[in-house]
Amino acid sequence: QVQLVESGGGLVQAGGSLRLTCEASEGTPSLIHMGWFRQTSGEEREFIGAFGASGTDTFYGHSMKDRFTISRDGAKNTLWLQMNALKSEDTAVYYCAAAKYAMSAMMLSIAARYDYWGQGTQVTVSS
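Residues numbered from 1 in each chain as written. Predicted model: local features only at pLDDT ≥ 70, side-chain atom pairs only at ≥ 80, totals over all residues. Heavy atoms only, no water.

1. Let's talk about the pairing of strand 5 (residues 46–51)
(1) Moving on: A large share of strand 5 lies buried, amounting to five of its six residues.
(2) Moving on: As judged from the four bridges shared by strand 4 (residues 33–39) and strand 5, these two strands associate in the antiparallel manner. Paired with Gly 35 across the strands is Ala 50, a residue of strand 5.
(3) Moving on: Linkage of strand 4 to strand 5, two consecutive antiparallel strands, is achieved through a turn of six residues, within which Gly 42 is found at a positive phi near 85°.
(4) Moving on: As defined by bridge partners, strand 5 adjoins strand 6 (residues 58–60) across three bridges and the pair is classed as antiparallel. The residue bridging Gly 49 from the neighbouring strand is Tyr 60, located in strand 6.
(5) Moving on: Count of turn residues in the strand 5/strand 6 antiparallel hairpin: six residues, of which Gly 55 carries a positive phi of about 85°. (Buried < 20%, exposed > 50% of the residue type's maximum accessible area, 1.4 Å probe, protein only. Helix = DSSP H or I, 4+ residues; strand = E, 2+ residues; numbered from the N terminus. Pairing = 2+ DSSP bridges.)

2. What about the nonpolar core?
(1) Moving on: Counting residues in each nonpolar core, the largest one holds 26 residues, and the members touching the most others are Leu 4, Trp 36, Leu 81, Met 83 and Tyr 94.
(2) Moving on: Among residues more than four places away in sequence, those in contact with Tyr 94 are Glu 6, Leu 20, Phe 37, Arg 38, Ile 48, Phe 68, Leu 81, Met 83, Gly 120, Thr 121 and Val 123.
(3) Moving on: Core analysis: the next-biggest nonpolar cluster, separate from the first, contains eight residues, Phe 37, Ala 50, Ala 97 and Leu 108 among them. (Core = buried A, V, L, I, M, F, W, Y, C linked by side-chain atoms within 4.5 Å. Contact = heavy atoms within 4.5 Å.)

3. A word on the sheet that holds strand 8 (residues 78–83)
(1) Moving on: Pairing is antiparallel in the open sheet, where four strands are placed in the order 1-3-8-7. Of all the strands in the sheet, the pair left with one neighbour each is strand 1 (4–7) and strand 7 (68–73). Direction aside, the axes of adjacent strands within the sheet are offset by 15° on average.
(2) Moving on: Two elements, strand 7 and strand 8, share six bridges in a ladder whose sense is antiparallel. Each bridged residue has a counterpart across the sheet, and for Arg 72 the counterpart in strand 8 is Leu 79. (Axes fitted to C-alpha atoms, helices over the stretch in contact; angles between N-to-C directions.)

4. Notes on the environment of Lys 65
(1) Moving on: If you trace the backbone, Lys 65 turns up in the loop between strand 6 and strand 7.
(2) Moving on: Residue classification places Lys 65 among the exposed positions, given a relative accessible area of 60%.

5. Section: the environment of Ile 70
(1) Moving on: Secondary-structure assignment places Ile 70 in strand 7.
(2) Moving on: Ile 70 has contacts with Trp 36, Gly 49, Ala 50, Phe 51, Thr 58, Tyr 60, Trp 80 and Leu 81, leaving out every residue within four places of it along the chain.

6. Digging into the state of the cysteines
(1) Moving on: Counted by the stated rule, this structure contains one disulfide.
(2) Moving on: Through a disulfide, Cys 22 is tied to Cys 96; the S-S separation comes to 2.0 Å. Between Cys 22 and Cys 96 the disulfide shows an S-S torsion of about -70°. By sign, it is left-handed. Within this pair, whereas Cys 22 is found in strand 3 (residues 18–24), its partner Cys 96 is found in strand 9 (residues 92–99), the two being separated by 74 residues in sequence.
(3) Moving on: Under the relative-accessibility criterion, Cys 22 is labelled buried at 0%.
(4) Moving on: The buried category is assigned to Cys 96, whose relative accessible area is 0%. (Disulfide = S-S within 2.5 Å.)

7. Some thoughts on the pattern of salt bridges
(1) Moving on: For the structure shown, the criterion picks out three salt bridges.
(2) Moving on: The salt bridge involving Arg 38 is made with Glu 46; its shortest N-O contact spans 2.8 Å.
(3) Moving on: Judged by relative accessible area, which is 10%, Arg 38 ranks as buried.
(4) Moving on: The shortest N-O distance in the salt bridge between Asp 90 and Arg 67 comes to 2.7 Å. Of the two residues, Asp 90 sits in the loop between strand 8 and strand 9 while Arg 67 sits in the loop between strand 6 and strand 7, which places them 23 residues apart along the sequence. Of the two residues, Asp 90 and Arg 67, both sit in the buried class.
(5) Moving on: One salt-bridge network, held together by shared partners, links Arg 38, Glu 46, Arg 67 and Asp 90. (Salt bridge = Lys/Arg side-chain N within 4 Å of Asp/Glu carboxyl O.)

Below, the structure written as structure tokens:
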């Protein structure tokens, strides 16, 4: 069973930066897609960004690319999310997600298309 573990969340002041890490369990076969979502209470999960089937192309949700950057070590199934110029509205639980089958770029933003999820890490941005 694939396990994804996020780390790096916490409390940060507005304007600050955080880097989240997601690590897949040892022995996990290469995951085709890895990406990040976030969720606030009562809302659906919001797509931040993910890697396409090539393993190098990245795709971002609306307005995410301005301040957020995803990167990946494919060999180790490790994923990072660099967040800069954080705002109070970025406060959420951030989730790592992975899919074992290829999907088109249009599908990357759909949470239900992912097979594995981490437990989430809380990011709180104080104003």
